[in-house]
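Reading the structure
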Amino acid sequence: MSRLVVVSNRLADPRKPAAGGLAVALGETLKRTGGLWFGWSGKVVEDGTPGEGALHVNQAGPVTLAELDLCAEDHDAYYRGYANGVLWPVFHYRLDLAHFESGHLSGYRRVNQLFARKLMPLLKPDDLIWIHDYHLIPLAAELRAMGCGNRIGFFLHIPLPPQQILAAIPSHEWLMRALFAYDLVGFQTEADLLHFSHYVKAEATAETVGVSQFRAFNSTVQAKAFPIGIDVDDFQRLGRAREARDTFENTRKKGDSEAARFEDRSERRGGNPFTQGRHDAASDKYKLGHYKEGAERHVREIRIIPQTVRFSSPSFAEAADFRLQFPAIYFPASKPWIISWVACAAASGASIGNRWPPGICRK
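Every value quoted in this text rests on a predicted model; they were computed, and no experiment measured them.

Attention now goes to helix α3 (residues 102-119). Compared with the 26 Å implied by 1.5 Å per residue over 18 residues, the 26 Å span of α3 between its first and last C-alpha is a close match. Turning to α3, its buried residues number three or more, namely His104, Leu105, Gly107, Tyr108, Val111, Asn112, Leu114, Phe115, Ala116 and Leu119. For α3, the elements touching its buried residues are β1 (4-10), β2 (35-45), β4 (63-71), α2 (72-91), α4 (139-145) and α6 (172-178).

This is the structure we're talking about:
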């Protein structure tokens, strides 16, 4: 049976609790199958040499963890610069948040070449390699250039935008050509798959040679949509756990913060507590669909205050500051998960302009 080799920007010890969908999903898979998990250690060496990094190999039960250090210059160009400063915002349809610098692209490719050089000696001839996400799009091409003949798959954990948006990325042809070094490319949705199909046919004159198979650059790749989700029962169980309730109560008691103000209203102050303050003149009201009854009685609520908000996230906020203009929006705080939901919706940029988070309906 082939060994599974997973490659991702970050990895985690599958024996320990992990944060983030990618780490959780891959950790669970590797716990069942065993194999090798290769990725960045999270360590940045300030005086390191670009294109070089120490590799640390450890055993975590049935899983071998191979963690690679990065120097500060490579981290800035590859991770903060190109991956999170260009690809992440553009792939999320936010060209206005992208920062294009030529040095970042060379750093992105340099780190992918480093990953390939360090990974190659660890591979066995029959290994099945599974590469993940936008940080490592060109990794298969770099492995092929070094003589790797293994089966290699790729899965994109973020959206793939339409052709017109993709084409705005400098060197987009090189980036999309790199996907043809894979045997299988997976996307989250059928829409993402359609965007890929339109792009390769228009920009690379690719031919359809089979069901979801495309040929260009003297290579053939199979592309499919693999919708993913969460374990609903487990998610609900976690939300009911004492730790979740304690976290919710501790967060609520912190009071005012830069991003949100949590209020315990004993009485309504002049009308519907769900009224959207900045749109009073137009009588626009935004309500959470499942909490309409809250407008008719006293409620405990979370209030996003009308100001410029700066969000920080350990995963990507290093790359760009997201300053969003929010009107006053009220959310009932009767559910532990609503705080996380609001934070995620806001950090994703879903509330900018007329794009409101799912679950809010206009009346």
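What follows covers the pattern of salt bridges. According to the stated counting rule, one finds nine salt bridges in the structure shown. With a closest N to O distance of 2.7 Å, Arg3 and Asp127 form a salt bridge. With Arg3 in the segment before β1 and Asp127 in the loop between α3 and β5 (128-132), the pair connects residues that are 124 residues apart, well separated along the chain. Looking at Asp127, the relative accessible area reads 1%, which means it is buried. Its salt-bridge partner being Arg110, residue Asp74 comes within 2.6 Å of it at the nearest N-O pair.

Moving on, we get to the nonpolar core. Of all hydrophobic cores here, the largest spans 62 residues; its most connected members are Val7, Leu87, Phe91, Phe115, Ile131, Ile137 and Phe196. For this core, the element with the most residues is α2, which contributes nine residues. Sequence-distant contacts of Ile137, defined by excluding residues within four places in its chain, comprise Leu87, Phe91, Tyr108, Asn112, Phe154, Leu175, Ala178, Leu179 and Tyr182. Core analysis: the next-biggest nonpolar cluster, separate from the first, contains eleven residues, Ala12, Ala23, Trp37 and Ala60 among them.

Ordered in space as β3-β4-β2-β1-β5-β6-β7-β10-β9-β8, the ten strands form an open sheet in which the pairing is mixed. One side of each edge strand has no neighbouring strand; the edge strands of this open sheet are β3 (55-60) and β8 (207-210). Geometrically, the sheet is characterised by an average inter-axis angle of 25° between neighbouring strands, direction not taken into account. By the bridge criterion, eight bridges tie β2 to β4 in an arrangement that is parallel. Across the sheet, the residue bridging to Phe38 is Ala66, located in β4. Along the sheet, α2 makes contact with β1, β2 and β4, crossing β4 at roughly 100°. Running over the sheet, α3 touches β1, β2, β3 and β4 and is turned about 130° from β2.

Moving on: the side chain of Asp13. Relative to the assigned elements, Asp13 resides in the loop between β1 and α1 (21-33). A relative accessible area of 15% places Asp13 in the buried class. Discounting residues that sit within four places of it in the chain, Asp13 has contacts with Ala60 and Leu65.

Okay, unusual backbone geometry next. The phi angle at Tyr93 is positive, at roughly 70°, despite the residue not being glycine. Positionally, Tyr93 belongs in the loop between α2 and α3. What makes Tyr93 partly exposed here is its relative accessible area of 39%. For Phe217, which is not glycine, the phi torsion reads 55° and is therefore positive. Note on placement: Phe217 falls in the loop between β9 (213-216) and β10 (219-225). Assessed through its relative accessible area of 32%, Phe217 is described here as partly exposed.

This next bit is on the packing of aromatic side chains. Applying the stated criterion across every chain, the model contains eleven aromatic pairs. Residues Tyr78 and Phe115 carry aromatic rings whose centres are separated by 6.4 Å and whose planes lie at 45° to one another, so their mutual orientation is tilted. Residue Tyr78 is found in helix α2, and its partner Phe115 is found in helix α3; the two are separated by 37 residues along the sequence. With centroids separated by 6.4 Å and ring planes inclined at 80°, the aromatic side chains of Tyr108 and Trp174 adopt a geometry described as edge-to-face. Within this pair, whereas Tyr108 is found in helix α3, its partner Trp174 is found in helix α6, the two being separated by 66 residues in sequence. A relative accessible area of 23% places Trp174 in the partly exposed class. Following the ring pairs from residue to residue traces out a cluster consisting of Phe38, Tyr78, Tyr82, Tyr108, Phe115 and Trp174.

About the criteria used
Residues numbered from 1 in each chain as written. Predicted model: local features only at pLDDT ≥ 70, side-chain atom pairs only at ≥ 80, totals over all residues. Heavy atoms only, no water. Helix = DSSP H or I, 4+ residues; strand = E, 2+ residues; numbered from the N terminus. Expected span 1.5 Å × (residues − 1). Buried < 20%, exposed > 50% of the residue type's maximum accessible area, 1.4 Å probe, protein only. Contact = heavy atoms within 4.5 Å. Salt bridge = Lys/Arg side-chain N within 4 Å of Asp/Glu carboxyl O. Core = buried A, V, L, I, M, F, W, Y, C linked by side-chain atoms within 4.5 Å. Pairing = 2+ DSSP bridges. Axes fitted to C-alpha atoms, helices over the stretch in contact; angles between N-to-C directions. Phe/Tyr/Trp six-rings, centres within 6.5 Å; stacked < 30°, edge-to-face > 60°.

Such coordinate-based values are descriptive only and should not be taken to indicate function.
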